[in-house]
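Coordinates in review
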Amino acid sequence: MPISSYPTAGAAAGRDLLWRPTLIVFISNACIMILELVAGRLLAPNIGVSLYTWTSIIGVIFAGMSAGNYLGGRLADRHASRRTLGLLFVLAGLGSLSVAGVAALLSRLTVFEIPGVPLPLRMMLLVAMFFFLPSVILGAITPFVVKLAVLDLRSSGNVVGRIYAASALGSIVGTFVTGYVLVFYFGVRAILLFVGLMLIVLGALVGQWWTRRDVAGAAPAQTEAA
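Summarised in this report is the structure supplied together with it. Per chain, the residues get numbers from 1 upward, laid out in the order the sequence is written. Predicted model: local features are reported for residues with pLDDT of at least 70 only, side-chain atom pairs are reported and counted for 80 or more only, and whole-chain, interface and lining totals are derived from all residues. Hydrogens and water molecules were not included; the side-chain quantities draw on all heavy atoms of the structure.

Things to note about the environment of Thr 84
- Structurally, Thr 84 can be placed in helix H4 (residues 82-106).
- It is 7.0 Å that separates the C-alpha atoms of Thr 84 and Gly 207, two residues lying 123 residues apart in sequence.
- Contact definition: two residues touch when any of their heavy atoms are within 4.5 Å. Not counting chain neighbours up to four residues away, the residues in contact with Thr 84 comprise Leu 75, His 79 and Phe 144. Here a strand is any run of E in DSSP of at least two residues, a helix any run of H or I of at least four, and the numbering for each starts at the N terminus.

Considerations on the pattern of salt bridges
- The salt bridge criterion pairs a side-chain nitrogen of Lys or Arg with a carboxyl oxygen of Asp or Glu, the two atoms within 4 Å. For the coordinates displayed, the defined rule picks out one salt bridge.
- Residue Lys 147 pairs with Asp 77 through a salt bridge whose shortest N-O separation is 3.3 Å. Linking Lys 147 in helix H6 (residues 141-149) with Asp 77 in helix H3 (residues 51-78), this pair joins segments that are 70 residues apart in sequence.
- Each residue is placed in one exposure class: buried if its accessible area under a 1.4 Å probe, protein chains only, is under 20% of its type's maximum, exposed if it is over 50%, and partly exposed if it falls in between. By relative accessible area, Lys 147 is classed as partly exposed at 33%.

What to know about the side chain of Thr 142
- For Thr 142, the location among the structural elements is in helix H6.
- Two N or O atoms count as a polar contact when they lie within 3.5 Å, although within protein this holds only if one can serve as hydrogen donor and the other as acceptor, and sequence-adjacent residues are included solely when both atoms are side-chain atoms. Within the local environment of Thr 142, its side chain forms a polar contact with the side chain of Asn 29, the two groups lying 3.4 Å apart.
- When near neighbours in sequence (up to four residues on either side) are disregarded, Thr 142 contacts Val 25, Ser 28, Asn 29, Ile 163, Tyr 164 and Ser 167.

Some words on the packing of helix H2 (residues 21-47) against H6
- Axes, fitted as lines to C-alpha atoms, cover a helix only where it is in contact. Angles between the N-to-C directions of the axes lie from 0 to 180 degrees. Two elements in contact, H2 and H6, have axes separated by 10 Å at closest approach and are oriented at 175°. Judged by the inter-axis angle, H2 sits roughly antiparallel to H6. Across from Pro 21, Ile 24, Val 25, Ser 28 and Asn 29 in H2, the residues of H6 making contact are Ile 141, Thr 142, Val 145 and Ala 149.
- Under this grouping Gly is polar, as are all residues other than the nonpolar Ala, Val, Leu, Ile, Met, Phe, Trp, Tyr, Cys and Pro and the charged Asp, Glu, Lys and Arg. Looking at the contact of H2 with H6 residue by residue, the classes come out as six nonpolar, three polar and no charged. Just so you know how the angles are binned, under 35 degrees is roughly parallel, over 145 roughly antiparallel, 65 to 115 roughly perpendicular, and the rest oblique.

Some details on the packing of aromatic side chains
- Pairing of aromatic rings covers Phe, Tyr and Trp, the last counted by its six-membered ring, and requires centre-to-centre distances within 6.5 Å; plane angles under 30 degrees mean stacked, over 60 mean edge-to-face, and any other angle means tilted. Here the structure, examined in full by the defined rule, presents three aromatic pairs.
- Consider the rings of Phe 184 and Tyr 185, whose centres lie 4.9 Å apart with planes at 85°: the pair is edge-to-face. Like Tyr 185, Phe 184 is exposed.

Notes on helix H7 (residues 156-185)
- Between its first and last C-alpha atoms H7 spans 41 Å; for 30 residues at 1.5 Å apiece the expected length is 44 Å, and the two agree.
- Across the chain, bend at a residue is computed as the angle between axes fitted to the seven residues ending at that point and the seven starting from it. For H7, the principal kink sits at Thr 178 and spans about 50°.
- All of the buried residues in H7 are Val 159, Ile 163, Ala 166, Ser 167, Gly 170, Ser 171, Gly 174, Thr 178, Leu 182 and Val 183. Working rule for helices: expected span equals 1.5 Å times residues minus one.

Focus on the nonpolar core
- Side-chain atoms within 4.5 Å are what join buried Ala, Val, Leu, Ile, Met, Phe, Trp, Tyr and Cys residues into a set we call a nonpolar core. Within the largest apolar cluster, 51 residues are counted, with the highest numbers of intra-cluster contacts made by Trp 19, Leu 85, Phe 131, Leu 138, Ile 141, Val 145 and Leu 192.
- Looking at which element gives the most residues to this core, the answer is H2, with twelve residues.
- Apart from the residues within four sequence positions on either side, Leu 85 is in contact with Trp 19, Ile 141, Phe 144, Val 145, Leu 148 and Val 206.

Structural notes on the environment of Thr 178
- Considering the arrangement of structural elements, one finds Thr 178 in helix H7.
- Residue class for Thr 178 comes out buried when judged on its relative accessible area of 0%.
- As a C-alpha pair, Thr 178 and Glu 36 span 142 residues in sequence and 9.6 Å in three-dimensional space.
- Other than its neighbours up to four places away in sequence, Thr 178 contacts Ile 34, Leu 37, Val 38 and Val 183.

Focus on the side chain of Ser 56
- Mapped onto the elements of the fold, Ser 56 is located in helix H3.
- Among the polar contacts listed, one links the side chain of Ser 56 to the backbone oxygen of Tyr 52, at a separation of 2.8 Å.
- Here Ser 56 is in contact with Pro 120, Met 123, Met 124 and Val 127, once residues within four sequence places are set aside.

So, a nonpolar patch on the surface
- Here, patches come from residues exposed beyond 30% relative accessible area and free of salt bridges, joined within 9 Å for like charges and within 5 Å for nonpolar side chains (Val, Leu, Ile, Met, Phe, Trp, Tyr). Computed with a 1.4 Å probe, the accessible areas rest on the Shrake-Rupley method; for each residue, only the protein chains presented here act as cover. On the surface, a cluster of nonpolar side chains totalling about 1100 Å² of accessible area is made up of Leu 169, Ile 172, Val 173, Phe 176, Val 177, Tyr 180, Val 181, Phe 184, Tyr 185 and Phe 186.
- Locating Phe 176 in the fold gives a position in helix H7.
- The exposure class of Phe 176 is partly exposed, given its relative accessible area of 45%.

Side note on the packing of H6 against H7
- Packing of H6 against H7 leaves a shortest axis separation of 10 Å and a crossing angle of 150°. In this view, H6 runs roughly antiparallel relative to H7, as classed from their interaxial angle. The hand of the H6/H7 crossing is right-handed. Residue-level inspection shows Thr 142, Val 145, Val 146 and Ala 149 of H6 in contact with H7, the latter providing Val 159, Val 160, Ile 163, Tyr 164 and Ser 167. If you view the pair so one helix is near and one far, a crossing is left-handed when the near helix is turned anticlockwise from the far one by less than a right angle, and right-handed when it is turned clockwise.

Below you can see the structure in the form of structure tokens.
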């Protein structure tokens, strides 16, 4: 008889109104795209707006997301808990809040006066200073949520499919909302402040640090023959 999961933990996750895996990855991926579009506005005074600019921004952020996916998967295998996931959100929020301050500092640097370094590489270095680390942290969230959300390996395809569909939808919504609404009505620093605070609040809700014990999103899924 197959043992698919530990029912106690699965039932506990089902009763927890704050545990919504698809909503969590929707928000995290929307925030990634918000940061990506804000990056162009934030760095325009330093590196202008060109094909090189957007190539550097997209490449660096996707590199950060890829590294985050890999590191998040390894971390989830060792420390799969809601509190660790909440900590990732808080760190991502703090990283987003720090971008505006770092921008003010780096705006005074002559980044383009590095002898022997090609212009595209200098652009990539500048973008990486701002957005690589927040992208890594946000990229680690999706595999972490997948690890916590899979209750039964027999339905893992459905769970993973829904989570990655929600992450893609979050990226789409984040792109359009930022490009058509947020940038038009709010300044770059206000957007970064909003994203940072939202991620920190979400981290506190997901992690539930006000409880005495850690809350697992799901027990490790297993399939063993009796």
